[in-house]
Amino acid sequence: MSEFSSASKLTDRAVAHLRSLIDDAPLAHDRYTIHEIVGRGGMGAVYRAHDELLQRDVAIKVLDERAPMSFKTTQRLKREATILARLEHPGIVPVHDAGELGDGRAFYVMQLVRGVRLDEYARGGISRGDVLRLILRVCEIVGFANAQGVVHRDLKPSNIMIGPFGEVLVLDWGVAKVLNEVDGLSTNSNSAAVSKNIEETKDGMVVGTHGYMSPEQASGASGDVTQTADVYSLGVILRELLSKVRENADKALSAIAERATSLEPRDRYGATIALAAEIRRWLDGEPVVAYHESALEQVMRVYRRHQTAIWLVGSYVALRVTVFFWRRI
Amino acid sequence: MRANQHFPDTRESLVQALAGNGSRAMDLVGRAYRVPVIALLERKWMLQHEDAEDLAHEFFAAAIEKNWLMRYDASRGKFRTFLRSCLIAFAAEQHERANRLKRGGRAQHESLNAETEALESDSVADALFDREWMRSVLQIALDALHDESAENNKEIAFKLFEQYDVVGSEAEFQPTYAELANSFGLPVTQVTNYLAWARRRFREHVLQTVRALTGSEVEYREEVRALLGINV
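The shown structure was predicted, so the numbers you read here are calculated from the model rather than taken from an experiment.

Residues and elements named next belong to chain B. On average, residues of chain B carry a pLDDT of 80, and 81% of them reach 70 or more. Within chain B, helix α6 (residues 123–151) carries the highest mean pLDDT (92), whereas helix α5 (residues 109–120) carries the lowest (48). Within the model, the stretch residues 1–11 combines pLDDT values under 50 with 26 contacts to residues more than four positions away or in other chains. Quick note on the complex model: pTM equals 0.54, ipTM equals 0.81.

Laid out in C-alpha cells, this is it:
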C-alpha cells in the first residue's frame, strides 16, 4: 500500500467534492475540460469548460445529476439544443456540439457568454435611451425567432445578457415552444424524432416565470400561446425598466408598455417587430398607435421633433422682420 | 465525446475472487469495510473506539476463519447488505455472550432479541455505515491513483489533484489553476491537462473499486447509482 494511504481521513467536504468529480469526469474525457458551474437552472447546470481541440472556452449545459433523469428531461434538453442550432442569429448563443454522457445525460456545448444580465445592468439605474435601445434589440432577436416559428416563453431580465461591447443576447430557450412544428423544426428527420418524442407542454402545465408570463401562458393553455406571449413579456420588461429610468415618465412610452401587456392577446402588438416599430416611431418623434395625444401634446411633439428647424426658420423670419422694419425707419 | 465503455460482464465476481485469490480480495474487503464496521459498532452498540476496533478485528478474523463471506450469493442481495448482516449477527452474539458472562450464565433471550431488533432498525447507523463505506472507497481510489501516478512518472498530476481537489476542496479558498501553476512552475494549460488526467483516472479507480467489491454487474450498477448518484 502506498504512503498516501496513511494520510488523514477524507473530510465530508472532500468526499462531497470527490463525488462531484466522479460525475463531472466524463465531460473531461477527450475534448472538454470542465472548470466551474456558471449557472444552474431547473433542468440542468451550465459549466465553463475548455475545448482542448479548438483551444477556446465554451459553456456546456448538462442535465443536473441531482435531478431525476427521465426521458422527458433528456429530450427537452436535446430539443433546446436543436432549437438553438436552428436559430442562427448574433443575438442567440450558437450551439457548437451536443451529445450524451456515458451515464445517459444529455449535454450541449455552446459559446461561452460573457456579460451582465439585464436585471443586474439596470440595478443602479438606467437611461431611457439605453432602455429603448436594449428593448429594440431584444425585439429584433425574438422577432427573428418568432419568424422561425419559435416562441421563447420565458423572457425576463435575467435571460437577457449585455456583452462588454453592448451586444445583446437572449438566453435560455429551454421552455421555448415551436409553432407549426411540421413546417418548422421538424423538417429534418432528427428534429422530427425529437419533436415527436418530446412530450410538449400540454394544456394545464405552466412553464415560464410568474410576473413575466402572459395570462394565457399562466393559465396553462399552451395551445393559446403564440408570439404575442413574447410581446407581453417584453412589455412587462419595458414597463419595469421605464420605472427605473432617471428621466420623467413619458405617457406615450407607458401606453406602449400598457398595450404590449394587454390581457387579451388580440389587443397587444401582433409581434415583437410591431412593438419595435412602435418604439422607433416614438424615437423618431412620430405619433404612436398606442397613445391618442391631445392637440397640445401633438404640437409639443412636433415642436420637439423639428426643434432645430423651427428655431432656424423662426430666427430667419425674425431677422427678416427686423431688417424690414429697420429699412422703414 | 466518447461514451463510457462498460467493462466486460465476464469479469471475476467478488465471490470468485474470494475463492480464487482470497487474501487479496479479503484485503480489499478489509480496507473498504474496516472503518464502516467500526463506525457501525460504535453507533449501534455504543462501543468505545478501541473496543470497536478490537471487535472489528475479531469480526474480520472470524470471517476469514469461518469462510462467512464465501456464503454470499449475489442473486440474493448486495454484498454490502450481506456483510452488514453478518456483522450485526456477530456483534449481537458477542454482546449476548458478554451479557451472559455478566449475569453468570443466565440467558435472557427475549430482551436481547428485542434489543437486537431495535438495533437493526437503526437507520442512522445504516446511513453512517454507507457513508463511511463510500469514504473508504474514495480513499482506496485515491491510493490507487497515487500508485498509478508514481508508476507513470506523473507524481505532479497527483500532487496537483491532491492540492486542488482534496486539500483544496476542504480549504476556505480553493487555489486557482493560475496559483497552482505558479506554485508548481507549470503553465496553466499543463495544470489543466494534469488535473483532467488525474480526475479521469480517479473516476476509473473509484468505479473499479466498487466493481471489485460487488458480486454482479447488476449489483455494481446499483451500488454506483445508489452511492455515487450516477448511472454507468
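That was the structure; now back to the text.
What follows covers the sheet that holds strand β5 (residues 106–111) of chain A. Residue and element names in this part refer to chain A. If you walk across this open sheet you meet the five strands as β1-β2-β3-β5-β4, and the pairing is antiparallel. The open sheet terminates on both sides in strands that have one partner only, identified here as β1 (32–40) and β4 (95–100). Neighbour to neighbour, the strand axes of the sheet diverge by 25° on average, direction disregarded. Pairing between strand β2 (residues 44–51) and strand β3 (residues 56–63): eight bridges, direction antiparallel. Residue pairing across strands places His-50 opposite Asp-57, the latter belonging to β3. The sheet strands contacting helix α2 (residues 71–86) are β3, β4 and β5, and the helix crosses β5 at an angle near 25°.

Residues and elements named next belong to chain A. Reading across the sheet, the three strands line up as β6-β8-β9 and stay open at both edges, with antiparallel pairing between neighbours. The sheet is open, and its two borders are formed by β6 (116–117) and β9 (168–170), each paired with just one other strand. Across three bridges, the pairing between strand β8 (residues 160–162) and β9 is antiparallel. The residue bridging Ile-160 from the neighbouring strand is Val-170, located in β9. On the sheet, helix α4 (residues 128–147) packs against β8 and β9 and is oriented at approximately 45° with respect to β9.

Time to look at a nonpolar patch on the surface. Residues and elements named next belong to chain A. Together, Val-313, Tyr-316, Val-317, Val-321, Phe-324 and Phe-325 give the surface a local cluster of nonpolar side chains, amounting to about 580 Å² of exposed area. With respect to the element layout, Val-321 can be found in helix α11 (residues 307–328). Judged by relative accessible area, Val-321 falls into the partly exposed class, the value being 38%.

The next thing to look at is the packing of aromatic side chains. Residue and element names in this part refer to chain B. What the rule picks out here adds up to twelve aromatic pairs over all chains. Consider the rings of Phe-59 and Trp-68, whose centres lie 5.9 Å apart with planes at 40°: the pair is tilted. The pair Phe-59 / Trp-68 is uniform in exposure class, with both members buried. Taking 6.3 Å as the distance between ring centres and 40° as the angle between the ring planes, the aromatic pair formed by Phe-79 and Phe-82 counts as tilted. Here the residue Phe-79 and the residue Phe-82 both occupy positions in helix α4 (residues 79–102), the gap between them amounting to three residues, near one helical turn. Residue Phe-79 is classed as buried on the basis of its relative accessible area, which comes to 0%. One aromatic cluster in this structure is built from Tyr-33, Tyr-72, Phe-79, Phe-82, Phe-129 and Trp-133. Taking NZ or CZ as reference, Arg-80 lies 5.0 Å from the ring centre of Trp-133, over its face. Directly above the ring of Tyr-220 sits Arg-211, whose terminal nitrogen or CZ lies 3.8 Å from the centroid.

Now for the side chain of Glu80(A). Residue and element names in this part refer to chain A. Structurally, Glu-80 is set in helix α2. Here Tyr-108 takes part through its side chain, which lies 2.7 Å from a polar atom of the side chain of Glu-80. Beyond its immediate stretch of four places on either side in the chain, Glu-80 contacts Met-43, Lys-61, Tyr-108, Asp-172, Trp-173 and Gly-174.

Criteria and cut-off values
The residue numbers shown here count from 1 along each chain, following its written sequence. Here every chain gets a letter starting at A, and every ligand a number starting at 1, in the order they are written. Local features in this predicted model are restricted to residues whose pLDDT is 70 or higher, and side-chain atom pairs enter the listing and the counts only when it is 80 or higher, whereas totals over whole chains, interfaces and linings include all residues. The basis for the side-chain values is all heavy atoms of the structure; hydrogens and waters are excluded. For every residue, the predictor reports its confidence as pLDDT, a number between 0 and 100. The helix count covers DSSP runs of H or I at least four residues long, the strand count covers runs of E at least two residues long, and both are numbered beginning at the N terminus. Throughout, a contact is declared for two residues whenever any of their heavy atoms are within 4.5 Å. A strand pair is defined by DSSP finding two or more bridges across the two strands. Interaxial angle, 0 to 180 degrees, is taken between N-to-C directions of lines fitted to C-alpha atoms, where a helix line uses only the stretch in contact. Each patch is built from residues lacking any salt bridge and having more than 30% relative accessible area; the joining distance is 9 Å for like charges and 5 Å for nonpolar side chains (Val, Leu, Ile, Met, Phe, Trp, Tyr). Using a 1.4 Å probe, accessible areas were evaluated by the Shrake-Rupley method; residue-level cover was limited to the displayed protein chains. Salt bridges, as used here, are contacts in which a Lys or Arg side-chain nitrogen is within 4 Å of a carboxyl oxygen on Asp or Glu. Only protein chains enter the accessibility calculation, which uses a 1.4 Å probe; a residue is then buried when its area is under 20% of its type maximum, exposed when over 50%, and partly exposed in between. By convention, a stacked pair of Phe, Tyr or Trp rings (six-membered ring in the case of Trp) has centres within 6.5 Å and planes under 30 degrees apart, an edge-to-face pair has planes over 60 apart, and any other such pair is tilted. Any Lys NZ or Arg CZ found within 6 Å of a ring centre and within 35 degrees of that ring's normal is scored as a charge over the ring. Each polar contact in these results corresponds to two N or O atoms within 3.5 Å; when the atoms are within protein, one needs to be able to donate a hydrogen and the other to accept it, and residues that are neighboring in sequence are counted only if both atoms are side-chain atoms.

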